[in-house]
Amino acid sequence: ISARLGSKLPSIAGTTTIGGYDDGVQNGKVTTTWSRNAGSKAGTCRLTMDGYGLTFIHNFEIQEYGGLLRYSSTATNVTGTVTLTNVVDQAQTLS
């Protein structure tokens, strides 16, 4: 039995997450905006702390792997192997 794992990296254009902070002095809203082009492993994250008026911009890199899972089973055991390849940089593998 085998199963195919993995997919192409979709874009994330202006995906926003919102949270909060409380540092013991003040509290406020934290907003992060994530951006990355489709198929690219690199992107940026813009983090804004409203209470302090601070904005930080960070670069990030995604590691996404896809591959083939092969396994067999008996009444009491399952054994298998998986070989994974980075979908953006195919020289990177895990097995």
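Okay, so let's go over this structure. (Residues numbered from 1 in each chain as written. Predicted model: local features only at pLDDT ≥ 70, side-chain atom pairs only at ≥ 80, totals over all residues. Heavy atoms only, no water.)

Glancing now at the overall build of the protein. Scanning the protein from terminus to terminus reveals 0 helices and 8 strands. Listing the helices and strands of the protein from first to last along the sequence gives β-β-β-β-β-β-β-β. A burial count over the protein gives 15% of its 95 residues as buried. Long-range pairs, those at least 24 residues apart, make up 32% of the contacts in the protein between residues at least 6 apart in sequence. Of the accessible surface of the protein, which amounts to about 6,600 Å², a share of 53% is contributed by carbon and sulfur atoms. (Helix = DSSP H or I, 4+ residues; strand = E, 2+ residues; numbered from the N terminus. Buried < 20%, exposed > 50% of the residue type's maximum accessible area, 1.4 Å probe, protein only. Contact = heavy atoms within 4.5 Å. Areas by Shrake-Rupley, 256 points an atom, 1.4 Å probe, with all protein chains shown as cover.)

A few words now on the sheet that holds strand E3 (residues 27–36). Pairing in this open sheet of 4 strands is antiparallel, and the strands run E2-E3-E4-E5 from one edge to the other. Both outer strands of the open sheet, strand E2 (12–22) and strand E5 (54–61), are each paired with one neighbouring strand and no more. The average undirected angle you get between the axes of adjacent strands in this sheet is 20°. (Pairing = 2+ DSSP bridges. Axes fitted to C-alpha atoms, helices over the stretch in contact; angles between N-to-C directions.)

Attention now goes to the pairing of strand E6 (residues 65–73). One ladder, built from 9 bridges, connects E6 with strand E7 (residues 78–86); its direction is antiparallel. What sits directly across from Ser 72, in E7, is Thr 79. Linking E6 to E7, which pair antiparallel, is a turn of 4 residues.

Locating Tyr 52 in the fold gives a position in the loop between strand E4 (42–49) and E5. What makes Tyr 52 partly exposed here is its relative accessible area of 36%. In sequence terms Tyr 52 and Gly 28 are 24 residues apart; their C-alpha atoms lie 8.3 Å from each other. Look past the residues within four positions of Tyr 52 in its chain and what remains in contact with it is Tyr 21, Asp 23, Val 25 and Gln 26.

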